[in-house]
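Here are the chains, one letter per residue:
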Amino acid sequence: MECFKKEIEVAGKKFIIESGKVAKQASGSCVVTVGETIVLVTVVASKDPKPGIGFMPLTADYRERTYAAGRIPGGFFRREAKPRDSEILVSRLIDRSIRPLFPEYWRNDTQISAIVLSHDGENDSDTAAILGASVALCTSSLPFVTPIASARIGKINGQLVVNPTISEQKSSVLELVVSGTEEALTMVEAGAQELSEEEMLEALNLARETVKSICLVQKTLPARVKVTVVAPQQNVALKADIEAEAIEKAEAGVVIKEKAEREIFWASFKKDISAKLIEKYPEESSSAIDAVLEDIFYKKARELVLNKKIRTDGRGLEEIRSITCETDVLPRAHGSSLFTRGQTQALVTVTLGTPGDMQIMDELAGEYKERFMLHYNFPGFSTGEAKSERFTSRREIGHGNLAKRALRPILPSEEDFGYTIRIVSDILESNGSSSMASVCGGSLALFNAGVPVKASCAGVAMGLIKEGDNYVILTDIMGMEDHLGDMDFKVAGTRNGITALQMDIKISGLTIELLTQALNQAKRGRFFILDKMDAAISLPKNDISNYAPRMVTITIPQNKIGELIGPGGKNIRRLQEDNGVTIDIEETGRVSISGTESAGVDCVKEYVEAMTAEVEIGKVYNARIVKLMAFGAFAEILPGKEGLIHISQLSNQHTKKVEDVVNEGDEVKVKVIEIDKQGRINLSIKAAN
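What you see is a predicted model, and the numbers here were worked out from it, not measured in a lab.

J.: Would you mind showing me how to read the state of the cysteines here?
T.: By definition, a disulfide links the sulfur atoms of two cysteines through a covalent bond. Tallied over the full model, the rule gives zero disulfides. Cys-138 provides the cysteine sulfur closest to Cys-215, a residue in no disulfide bond, and the two sulfurs are 8.5 Å apart. With relative accessibility at 1%, the residue Cys-215 sits in the buried group.

J.: Any chance you could explain the pattern of salt bridges here in plain terms?
T.: It is possible for side chains bearing opposite charge to pair when their charged atoms get close. Tallied over the full model, the rule gives 49 salt bridges. Residues Glu-197 and Lys-523 are paired through a salt bridge, measuring 3.9 Å at the closest nitrogen-oxygen approach. Residue Glu-197 is found in helix H4 (residues 197-218), and its partner Lys-523 is found in helix H11 (residues 512-536); the two are separated by 326 residues along the sequence. Overall, Glu-197 belongs to the buried group, its relative accessible area being 3%. Residue classification places Lys-523 among the partly exposed positions, given a relative accessible area of 31%. The salt bridge partner of Arg-590 is Glu-414, with a shortest N-O separation of 3.5 Å. Within this pair, whereas Arg-590 is found in strand S24 (residues 590-595), its partner Glu-414 is found in the loop between helix H8 (394-407) and strand S17 (420-429), the two being separated by 176 residues in sequence. For Glu-414, a relative accessible area of 24% corresponds to the partly exposed category. The network of salt bridges with shared partners includes Arg-96, Asp-124, Asp-126, Arg-152, Glu-175, Glu-189, Arg-405 and Asp-504.

J.: Explanation requested: the sheet that holds strand S29 (residues 681-684) in the structure shown.
T.: Sheet strands line up and pair through hydrogen bonds in the backbone, either parallel or antiparallel. Spatially, S25-S26-S27-S29-S28 is the arrangement adopted by the five strands of the closed barrel, whose pairing is mixed. Averaged over neighbouring strand pairs, the angle between their axes works out to 55° when direction is ignored. Sheet analysis places strand S26 (residues 632-638) next to strand S27 (residues 641-646), joined by six bridges and oriented antiparallel. By the bridge assignment, Gly-632 is partnered in S27 with His-646.

J.: Sorry, what's going on with the packing of aromatic side chains here?
T.: Aromatic ring pairs are reported here in terms of the distance separating the ring centres and the angle at which the planes meet. All told, the structure shown has five aromatic pairs when counted by the stated rule. Note on Trp-266 and Phe-269: the rings are 5.4 Å apart at their centroids and 35° apart in plane angle, and the pair reads as tilted. Note that Trp-266 and Phe-269 are positioned in helix H6 (residues 259-280) at a spacing of three residues, about one turn of the helix. Relative accessible area serves as the criterion here: at 5%, Trp-266 is assigned to the buried category. Taking the centre distance of 6.3 Å and the plane angle of 15° together, the rings of Tyr-376 and Phe-378 count as stacked. What makes Tyr-376 buried here is its relative accessible area of 3%. Seen from the ring of Phe-527, Arg-495 lies directly overhead, with NZ or CZ sitting 5.6 Å from the centre.

J.: What is the right way to read the packing of helix H5 (residues 236-253) against helix H7 (residues 286-308) from this model?
T.: Think of two packed helices as two axes; the pair is described by the angle between the axes and how far apart they sit. Running from N to C, H5 and H7 cross one another at 40°; their axes reach a closest spacing of 9 Å. Viewed along their axes, H5 and H7 adopt a mutual orientation that is oblique. Crossing handedness for the pair H5 and H7: right-handed. In contact with Leu-238, Lys-239, Ile-242, Glu-243, Ala-246, Ile-247, Ala-250, Glu-251 and Gly-253 of H5, H7 contributes Ile-289, Val-292, Leu-293, Ile-296, Phe-297 and Lys-300. Here the residues of the contact of H5 with H7 are counted per class, giving 10 nonpolar, one polar and four charged.

J.: Can you walk me through the nonpolar core in this structure?
T.: Within soluble globular proteins, side chains that are nonpolar tend to cluster in buried spots. Grouped together as the largest cluster of nonpolar side chains are 152 residues, with contacts concentrated most on Ile-94, Leu-204, Ile-421 and Phe-489. When residues no more than four places from it in sequence are discounted, the contact partners of Ile-421 are Val-350, Thr-351, Leu-352, Arg-371, Phe-372, Met-373, Leu-411, Leu-446 and Val-451. Counting 20 residues, the second largest nonpolar core, distinct from the first, contains Val-615, Ile-637, Leu-650 and Leu-683.

J.: What am I meant to see in empty space enclosed by the protein here?
T.: For the structure on display, the rule yields two cavities of 30 Å³ or more. Within this model, the largest cavity holds a volume of roughly 70 Å³. Computed from the structure, the second largest cavity encloses a volume of approximately 50 Å³. Contributing to the lining of the second largest cavity are Val-10, Phe-15, Thr-127, Leu-131, Ser-150, Asn-163 and Ile-214.

J.: I keep staring at the pairing of strand S4 (residues 37-49) and nothing clicks. Help me out?
T.: Look at any regular strand and the pattern is simple: side chains alternate between the two faces of the sheet. Two strands pair when backbone bridges link them, and strand S3 (residues 28-34) and S4 are joined in this way by seven bridges, in the antiparallel orientation. Looking at S4, one finds that Val-32 is bridged to Val-39. Between S3 and S4, which pair antiparallel one after the other, the connecting turn spans two residues, and Gly-35 there sits at a positive phi close to 65°. Two strands pair when backbone bridges link them, and S4 and strand S6 (residues 108-118) are joined in this way by nine bridges, in the antiparallel orientation. If you follow Leu-40 over to S6, its bridge partner there is Ile-115.

J.: What am I meant to see in unusual backbone geometry here?
T.: One can expect most non-glycine residues to show negative phi and most peptide bonds to be in trans. Located in the positive-phi region is Asn-163, a residue other than glycine, with phi close to 50°. On the secondary structure map, Asn-163 appears in the loop between strand S8 (159-162) and helix H3 (166-169). Residues other than glycine seldom take positive phi values, yet Lys-309 does so here, at roughly 55°. Tracing the backbone through its elements, the reader meets Lys-309 in the loop between H7 and strand S11 (323-327).

J.: What should I look at first to understand the pairing of strand S18 (residues 458-467) in this one?
T.: In terms of burial, S18 is a largely internal element, eight of the 10 residues being buried. When S18 meets strand S20 (residues 487-493), the two strands line up antiparallel, connected through seven bridges. Directly across from Ala-461, in S20, lies its bridge partner Lys-490. In this structure, S18 lies alongside strand S19 (residues 470-475), joined through six bridges in antiparallel fashion. Bridge pairing links Leu-464 to Ile-473 in S19. Taken together, S18 and the strand that follows it, S19, pair antiparallel across an intervening segment of two residues, in which Gly-468 is found at a positive phi of about 65°.

Parameters and conventions
Residues numbered from 1 in each chain as written. Predicted model: local features only at pLDDT ≥ 70, side-chain atom pairs only at ≥ 80, totals over all residues. Heavy atoms only, no water. Disulfide = S-S within 2.5 Å. Buried < 20%, exposed > 50% of the residue type's maximum accessible area, 1.4 Å probe, protein only. Salt bridge = Lys/Arg side-chain N within 4 Å of Asp/Glu carboxyl O. Helix = DSSP H or I, 4+ residues; strand = E, 2+ residues; numbered from the N terminus. Pairing = 2+ DSSP bridges. Axes fitted to C-alpha atoms, helices over the stretch in contact; angles between N-to-C directions. Phe/Tyr/Trp six-rings, centres within 6.5 Å; stacked < 30°, edge-to-face > 60°. Lys NZ or Arg CZ within 6 Å of the ring centre and 35° of its normal. Parallel < 35°, antiparallel > 145°, perpendicular 65-115°, else oblique. Left-handed = near helix turned anticlockwise from the far one by under 90°. Contact = heavy atoms within 4.5 Å. Nonpolar A, V, L, I, M, F, W, Y, C, P; charged D, E, K, R; others polar. Core = buried A, V, L, I, M, F, W, Y, C linked by side-chain atoms within 4.5 Å. 1 Å grid on protein atoms, 1.4 Å probe; cavity = no way out; pocket = protein on both sides within 12 Å on 5 of 7 lines; lining within 4 Å. Points joined across faces, edges and corners; volume = space filled by probe spheres on them.

Note that every value here comes from positions in space, so none of it alone points to a role or purpose.
Take a look at the structure:
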């Protein structure tokens with residue numbers, strides 16, 4: 001492994017790439033430094049291909065060591081355990097960026113490991129990890145020859161910013177991560193605050209230029225002799241016999257509209273022809289015959305779309321499958337919907353919780369609380385498969401995060417709606433675009449839950465079939481079109497603009513011109529779906545579910561927090577127990593009061609407001625006599641606030657004894673007549689009447 005060190009300047013920041021010093025037994029390695037963020041990326045591959053598989057066995061693992069930020073991990077074991085969702089999402093970014101650029105028949109187990117060794121809290125490690133993966137691969141002996149790079153684009157105060165710092169990203173209305181080669185884009189991931197297609201394309205163009213400049217520098221790095229990938233040898237006679245039997249059947253099969261009927265037809269044909277040809281070619285395996293048959297079916301399906309502009313299910317190129325939208329489908333859920341598009345169906349629920357239900361996120365930069373959660377479940381029965389559900393897959397985490405990105409911009413602020421919000425999307429049927437069904441169903445369920453969202457949000461998946469200069473862009477792709485196509489481009493948003501993008505491809509890259517056409521076509525599709533959704537429910541409900549907790553939020557002075565809590569939490573415990581509520585207090589003085597009964601919530605709210613209120617001279621209060629003295633009586637006018645009613649102020653009549661007028665526990669009206677320099681409050685019953 002040859003040693004080298006190179007600096008790449010990107011938008012005023014220096015990326016330093018080094019190799020040959022550490023991890024020298026890996027097939028390739030690279031250390032990327034930006035600021036004080038340092039990422040080690042390695043790549044290893046098995047010497048021999050994995051037999052009997054039809055895909056590239058690539059694994060990308062991104063892990064963050066907590067020592068990188070000077071922290072000790074939480075939890076009982078005090079060590080890094082399974083990857084967090086955020087780490088899995090970056091692992092997917094790496095995989096999706098590089099996978100399209102490997103040779104078609106590379107079947108060797110390949111693993112990319114990215115480890116964050118240092119993190120300065122300002123410079124992102126994900127784009128550095130993607131750059132490191134490219135350098136490690138290009139300078140290794142693996143058959144990866146096209147450099148890639150990644151750039152993050154933000155939009156702050158109306159200006160596009162390349163690789164904004166983590167603190168700058170907090171005020172950005174766009175978070176766009178783009179990977180690509182010198183010539184085209186390979187991966188897009190974005191969340192946005194309802195940006196127009198024109199604004200998004202401007203950002204994509206800036207990302208493309210940035211990526212191109214980084215790729216050009218990588219071409220100057222030393223490279224090793226690459227492994228040669230040879231296409232598997234096929235039995236020419238066997239292939240000819242298969243084609244003679246299968247081409248006509250494949251042409252008939254690809255135009256069967258119903259998924260189940262098509263699959264049964266093709267499975268039966270494969271079984272029959274395999275049994276027939278195995279007798280003639282006993283040295284061949286049924287898997288080899290199946291591979292040729294699948295290739296024929298794949299080619300015929302693509303030809304149908306490219307040459308005849310006909311889709312398998314008979315739709316037009318921009319036609320969206322039939323849509324039905326139902327809301328309020330579950331009686332006890334706080335909000336629910338059933339969104340069906342063709343043979344893809346999502347049951348989506350909304351649950352409202354208190355601030356105490358927020359998820360505590362333990363990330364490299366430290367802990368924070370997440371108010372909005374979206375969990376996506378993809379059970380095996382949704383595609384008719386017998387599959388156990390023992391853990392959450394990377395795909396489920398990725399699809400859930402995409403739907404979450406899409407819906408977050410339409411949520412009300414925490415100040416306006418203090419509830420914790422959890423959305424769950426259970427996919428009941430799947431034939432493509434289930435993540436976008438989760439977006440649509442999530443929007444409908446939020447409306448049904450009475451969450452005062454800004455607008456409806458819908459999503460649509462776009463596809464591409466391309467052979468040379470001949471291409472077709474498809475709207476609302478189904479599962480088969482995803483499988484045989486060259487692009488899966490998901491676009492979500494409102495009528496005002498885009499809220500989320502995700503693009504994956506199977507070819508070497510896409511031009512901006514193709515993306516422009518796809519975005520404009522997706523906009524038309526999105527508006528069509530929004531019309532269908534608005535016909536089902538056009539405005540959020542006026543009130544939340546009776547089964548949701550009732551909650552109010554008030555803000556008290558920070559110096560009153562201790563008084564509300566009381567010695568050892570005495571006051572707050574009493575309030576919670578007596579009224580059946582939960583009280584959450586933040587350091588800022590924000591107090592959330594929640595419970596199942598409105599009466600208890602309102603009672604505590606009144607108490608907190610009264611306890612933190614300032615006594616006003618001249619104001620009349622309802623008071624309670626708490627103590628009698630010879631010279632007068634002490635009365636509580638607000639929680640914890642007492643004043644003296646001098647004996648002369650008890651009545652318009654002459655008073656000999658205080659007990660002649662009031663007793664402990666009496667409720668009286670009093671007026672504040674004075675607050676002296678020492679803060680003592682003087683009250684009068686006479687002046688109040």
